[in-house]
Amino acid sequence: MTVWIFTDARKQIGDKDHLKVFASEEAADVWFAENDPEGVAFEYDVIGPPV
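Quantities reported herein were computed from a predicted structural model and do not represent experimental measurements.

Student: With reference to specific residues and values, describe the pattern of salt bridges.
Tutor: Under the definition given, this model contains 3 salt bridges. Of the charged contacts, one joins Asp8 and Arg10 as a salt bridge, the two residues approaching to 2.9 Å between their closest N and O atoms. The exposure class assigned to Arg10 is exposed, which follows from its relative accessible area of 68%. Among the ionic pairs, Asp17 bridges to Lys16, the shortest N-O distance being 3.5 Å.

Shown next, in the form of structure tokens:
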């Protein structure tokens with residue numbers, strides 16, 4: 001399983017809006033289209049047992 005993570009460098013570490021975690025690339029694309037068309041998310045593996 002993977003997630004897509006966006007880091008907003010304009011926010012301070014610890015700010016609730018500093019990171020966005022998306023369950024799918026499609027979910028990230030929808031959010032970016034509405035909120036930050038220039039933004040980019042990176043895919044990361046989720047560490048832990050499969051669900």
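Student: Can you lay out the sheet that holds strand E2 (residues 19–22) for me, pointing to particular residues and giving the numbers?
Tutor: Ordered in space as E2-E1-E3, the 3 strands form an open sheet in which the pairing is antiparallel. Single-partner strands in this sheet number two, and they are E2 and strand E3 (42–45). For this sheet, the mean inter-axis angle between neighbouring strands, taken without regard to orientation, is 35°. Sheet topology places strand E1 (residues 2–7) next to E2; 4 bridges connect them, and they run antiparallel.

Student: Which residues make up the pairing of E1, and what values go with them?
Tutor: Of the pairings in the sheet, the one linking E1 to E3 comprises 4 bridges and is antiparallel in character. Pairing of Val3 across the sheet is with Tyr44, part of E3.

Student: For the packing of aromatic side chains, give the residues involved together with the corresponding values.
Tutor: What the rule picks out here adds up to 5 aromatic pairs. On the numbers, 5.5 Å between centres and 45° between planes, the contact of Phe6 with Trp31 is tilted. Note that Phe6 is positioned in strand E1 and Trp31 in helix H1 (residues 25–35), a separation of 25 residues in sequence. Judged by relative accessible area, Phe6 falls into the buried class, the value being 6%. On the numbers, 5.3 Å between centres and 80° between planes, the contact of Trp31 with Phe32 is edge-to-face. By way of ring pairs, the aromatic residues Phe6, Phe22, Trp31 and Phe32 are connected into one cluster.

About the criteria used
Residues numbered from 1 in each chain as written. Predicted model: local features only at pLDDT ≥ 70, side-chain atom pairs only at ≥ 80, totals over all residues. Heavy atoms only, no water. Salt bridge = Lys/Arg side-chain N within 4 Å of Asp/Glu carboxyl O. Buried < 20%, exposed > 50% of the residue type's maximum accessible area, 1.4 Å probe, protein only. Pairing = 2+ DSSP bridges. Helix = DSSP H or I, 4+ residues; strand = E, 2+ residues; numbered from the N terminus. Axes fitted to C-alpha atoms, helices over the stretch in contact; angles between N-to-C directions. Phe/Tyr/Trp six-rings, centres within 6.5 Å; stacked < 30°, edge-to-face > 60°.

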